[in-house]
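Structural overview for review
Spelled out, the chains give:
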Amino acid sequence: MTGSLLLLLVSALFCWSARPSSQKEWSGEKAADFAAGLIIAVAAGGEIFGAATGNDAAETLLYGLAWYAALPLVVLVRTMQAAQVMGAGEYCYWDRVIWGRILLVLCVVFELARRSGVAEFIPAISAVIGAASLLAWSLKPRLFMGQKFLVVSLWGIVTFTYLTHGYERFSYERLRSSVELTYLAIPLVILLYQTSLHHRQQVKK
């Protein structure tokens, strides 16, 4: 339960970093981050509730949505941020409606992958795409290079771990273990730091 409490705290901080601001319009990227953080927070809360009451009927579904919908969603946000800094910003600033539809598509992909028995590939694929996106994001503009390198390095370690420990470690059937869910705290902490750097980068422009 300690790990789930930690994940609940991290996901709450992630939601807080993406919260709406009264000073400017809530961007689609922040709304997507908020939705992903909320899904993970609900999954962590569900594990805590299940452990306290013995009622774990919904836990597997919540864990699946956290790993296979929320994680790919936050990775896609970083992909769009990378495209923006690489010069494709005109086409990559998507509003909340588009990101909402993307989340629905990810949920459908999750269910289809689960039924096909290939859902365990999604976290590893998400990690690889995230590594490439964060690397591209770190190159332009050349602000906070040392801190960006730290983000990319940490994410690279996560990706390497996912690939070398085998996809079956994150299989849908194993997600009833709170230990497996707690692993989501690691990429969330990295992306919390990346979010702070990205915001400071936008302010500096």
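Here is what the cut-offs are and how they apply
- Residues numbered from 1 in each chain as written.
- Predicted model: local features only at pLDDT ≥ 70, side-chain atom pairs only at ≥ 80, totals over all residues.
- Heavy atoms only, no water.
- Helix = DSSP H or I, 4+ residues; strand = E, 2+ residues; numbered from the N terminus.
- Contact = heavy atoms within 4.5 Å.
- Buried < 20%, exposed > 50% of the residue type's maximum accessible area, 1.4 Å probe, protein only.
- pLDDT = per-residue confidence, 0-100.
- Expected span 1.5 Å × (residues − 1).
- Arc of directions from axis to C-beta.
- Core = buried A, V, L, I, M, F, W, Y, C linked by side-chain atoms within 4.5 Å.
- Axes fitted to C-alpha atoms, helices over the stretch in contact; angles between N-to-C directions.
- Parallel < 35°, antiparallel > 145°, perpendicular 65-115°, else oblique.
- Left-handed = near helix turned anticlockwise from the far one by under 90°.
- Nonpolar A, V, L, I, M, F, W, Y, C, P; charged D, E, K, R; others polar.

1. So, the overall build of the protein chain
- Assigned secondary structure in the protein chain consists of 8 helices and 0 strands.
- Taken from N to C terminus, the helices and strands of the protein chain fall in the order α-α-α-α-α-α-α-α.
- Across the protein chain, contacts joining residues at least 24 apart in sequence account for 78% of those joining residues at least 6 apart.

2. What about the environment of G100?
- Mapped onto the secondary structure, G100 falls in helix α4 (residues 96-116).
- For G100, a relative accessible area of 31% translates into the label partly exposed.
- In the structure, G100 is positioned 69 residues away from A31 in sequence and 8.6 Å away in space, judged by C-alpha atoms.

3. Describing the confidence of the model for the protein chain
- Scored by pLDDT, the protein chain comes out at a mean of 85, with 87% of its residues at no less than 70.
- Mean pLDDT across the secondary structure elements of the protein chain bottoms out at helix α7 (residues 178-182), with 69, and peaks at helix α5 (residues 121-139), with 92.

4. Topic: helix α6 (residues 145-164)
- Helix length check: α6, at 20 residues, gives a terminal C-alpha distance of 28 Å against a target of 28 Å (1.5 Å per residue), a fit within 8%.
- Turning to α6, its buried residues number three or more, namely K148, V151, V152, W155, V158, T159 and Y162. Seen along its axis, α6 keeps its buried residues to an arc of 120 degrees; they face one direction. Residues of α6 that are exposed and angled more than 90 degrees away from the buried face: G146, F149, I157 and F160.

5. Description of the side chain of D33
- Note on placement: D33 falls in helix α2 (residues 28-53).
- Using a relative accessible area of 5% as the deciding quantity, one classes D33 as buried.
- D33 has contacts with F14, A18, V74, V77, R78 and T195, leaving out every residue within four places of it along the chain.

6. Some remarks on the nonpolar core
- Counting residues in hydrophobic clusters, the biggest one holds 49 residues, and the most contacted among them are L7, L73, W155 and L184.
- At the level of elements, α1 (2-17), α2, α3 (59-92), α4, α5, α6 and α8 (185-204) are the ones that each hand at least two residues to this core.
- Broken down by element, this core gets its largest block of residues, 16 residues, from α3.
- Residues within four places of W155 in sequence aside, it is in contact with L71, V75, A127, G130, A131, L134, P187, I190 and L191.

7. Section: the packing of α1 against α2
- α2 packs onto α1 with a crossing angle of 160 degrees between their chain directions and a minimal axis gap of 8 Å. Relative to α2, the element α1 lies roughly antiparallel. Our pair here, α1 against α2, has a crossing hand that is left-handed. Seen from α1, the contacting residues are S4, L5, L7, L8, S11, F14, C15 and S17; seen from α2, they are K30, D33, F34, G37, L38, I40, A41, A44, G45, E47 and I48.
- When grouped by side-chain class, the residues that make up the contact of α1 with α2 number 11 nonpolar, 5 polar and 3 charged.

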